[in-house]
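Single-letter residue listing:
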Amino acid sequence: MTAPGDGDGERPDTAAALRRRAEHLFRLGHADEAQAVLIRALAAAGDGAGHSKAELLERLGRYLDASSCSWTHDYFEQALAELRPDEPFHSKVEVLCSVGFAYVQRGRTEEGMGLLREAIDLARDVVDAQLEMTVHTVAAEALLTLGTLEESIERTRRARRLGMESAQHHIVVRSYLNEARATYLRTGSIGDSLRIKRVGLRYARDFGELATEEGDTLRLALVKDLIEAGHWPEAHALLGPADADERHGSINAVEETLVRCWLTSRQGPRPRTVPPFVELVESSSPPRHAYLLNIALAAAVRLEDYASVEELIGRALTLADGRLTPPGCGLHVVDALASAIESQCEGRHTLMHPDSSPPRLLEVIERVHLKVRGHVAATYELTDGVVAQARARCAPGPEDAARHWDEAIVVFRRTHARARLVTSLLGRAALYGSAPRARLLLDEAEQIARDMRAAPHLERIAALRGAGAAPAAHAAPAVALTGRQQQVVSLLARGCTDREIAGDLGLSVRTVNAHVVQILGRLGVRNRAEVAAWYHRSGPAR
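These notes cover the structure that comes with them. Since we're looking at a predicted model, the values are computed, not measured.

Criteria and thresholds
- Residues numbered from 1 in each chain as written.
- Predicted model: local features only at pLDDT ≥ 70, side-chain atom pairs only at ≥ 80, totals over all residues.
- Heavy atoms only, no water.
- Salt bridge = Lys/Arg side-chain N within 4 Å of Asp/Glu carboxyl O.
- Helix = DSSP H or I, 4+ residues; strand = E, 2+ residues; numbered from the N terminus.
- Buried < 20%, exposed > 50% of the residue type's maximum accessible area, 1.4 Å probe, protein only.
- Core = buried A, V, L, I, M, F, W, Y, C linked by side-chain atoms within 4.5 Å.
- Contact = heavy atoms within 4.5 Å.
- Expected span 1.5 Å × (residues − 1).
- Polar contact = N/O pair within 3.5 Å; in protein donor to acceptor, adjacent residues only side chain to side chain.

As a further point, take the pattern of salt bridges. Scanning the model with the defined rule gives 27 salt bridges in all. Here Asp 335 and Arg 420 are joined by a salt bridge, their closest N and O atoms 2.9 Å apart. With Asp 335 in helix 17 (residues 329–345) and Arg 420 in helix 21 (residues 418–432), this residue pair connects regions lying 85 residues apart in the sequence. When sorted by exposure, Asp 335 lands in the same class as Arg 420, which is buried. Here Glu 381 makes a salt bridge to Arg 414, at a shortest N to O gap of 2.5 Å. You can see Glu 381 sitting in helix 19 (residues 381–394) and its partner Arg 414 sitting in helix 20 (residues 398–414), a full 33 residues away along the chain. One network of salt bridges, in which partners are shared, links Asp 216, Arg 219, Glu 256 and Arg 260.

Set out below in structure tokens:
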């Protein structure tokens, strides 16, 4: 029987056949098996066997980067060293692309971009769709890492067109993920990212790519966006049952375990088993540590696994003191340490080590945020809101806390991050006590929490209402808004700016401004935040 991916008429133990089998296993998500097969391919290639050892080493480095096996040997470095003067043209370009991108990710930007430019120059005049797709895809991902977003999106779309024309569906799926990430970096809108990823997911399903590594990565990315946007039931459905028979790549399996635990713990019932958070983070390759540590720490806080919390905080502080490569991993460090501050300020647990006190953690957050926020590729506006939340929790007095909560609310409304918004609304409402504005914030938070089916949030809202005597408003007073004003209100409630509303409705910005002024008067409110609260509370016809 011929192994999947073996060529016709080739012995199944030749280097070429084993390489194809390894690639097939990797695309199905079996990175560990792919590594084992590729090591056999390296042995079969031998010295002077006519097969590119450099290409095999490049693939081994790529598989290890994507697997859940920690590694120390740099196969990319070895792949470069193995490039021969008579190296096949296609192999040379692939090695230069892959190694260049790996270097960019690890902070060796000049070396990495130099290798990528060499690959682009070599491939420029060659009529080879497969090679052109590879170059455009890898260059787009490197440009995305460096923050050159417009060019990244342009190359991504070119790669997608070539992928569709040549039925390379995995490249198409990968392109949707890249475009969604670049679009979010450019606009700060999770909603924009969601739309692109949903299209990509439909494509993956239609062409049988959902069970591949690319398709599964896209599915998990969509789950995370749905969580941020407050569509928790949809995210839960997309995750599927925990005991699903089909398992994907090991790195995706680790990520899925952590994401599922995080989501389940925030919707209410405690998971039957608490995963070994530290062990899961350690099992990943170094480029993934910061990201998985962030998810693991947030879940461990919620599940009150404080031994893991303290261990993971130590790991986060170590990362913060080191070289953040790529710089975007600093954003995950900020998020992780913000979770540690939240756990202590809400009285769940007090960490014993002095470096773990909220003020000291906030100092680290400020330092890391300053270091990475200026990097163009790290302009996740979401992180500004996370930092504002941490400042609010550590503020010396209620006035400072109120200012930071207000800042977080503005950021999360603008980025459509409703899951984080509800936390900020509750923090701000708690400072109002029984004032009427507390009721507006609690009403908005309650609507979001009900949509998310987040029982812990609903319990806290009920407690705040009881403490502040801010009763729920079951019905809003009837307000006569025109049809156009209702459209403007619905877009305001989604966090759209006047310019965005004007574009959606085909109006001038001045006309939209006039509508907003009239709406404030008719509703008897003072600002756009109160308009949004009125909208979510009253539920007018959409």
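Moving on from the model shown.
The next point concerns the nonpolar core. One finds Phe 277 and Leu 337 to be the most contacted residues of the largest nonpolar core, which totals 84 residues. The leading source of residues in this core is helix 15 (residues 289–302), at 11 residues. When near neighbours in sequence (up to four residues on either side) are disregarded, Leu 337 contacts Ile 313, Ala 316, Leu 317, Leu 361, Val 364 and Ile 365. Phe 26, Leu 96, Tyr 103 and Ile 120 belong to the second largest nonpolar core, which has 37 residues in total.

This paragraph deals with the side chain of His 136. Here His 136 shows up in helix 7 (residues 129–146). Overall, His 136 belongs to the buried group, its relative accessible area being 5%. Not counting residues within four places of it along the chain, the set of residues in contact with His 136 comprises Arg 155, Arg 158, Ala 159 and Leu 162.

Time to look at helix 10 (residues 190–206). The end-to-end C-alpha distance of helix 10 is 24 Å, a good match for the 24 Å that 17 residues give at a rise of 1.5 Å each. Taken as a whole, helix 10 has its buried residues at Ile 190, Gly 191, Ser 193, Leu 194, Ile 196, Lys 197, Gly 200, Leu 201, Tyr 203 and Ala 204. Elements in contact with the buried residues of helix 10: helix 8 (149–165), helix 9 (169–187), helix 11 (213–228), helix 12 (232–239) and helix 19. With a side-chain oxygen positioned 3.2 Å from the backbone nitrogen of Gly 191, the residue opening helix 10 is Ser 189. Immediately downstream of helix 10, the backbone of Gly 208 shows phi near 65°, a positive value.

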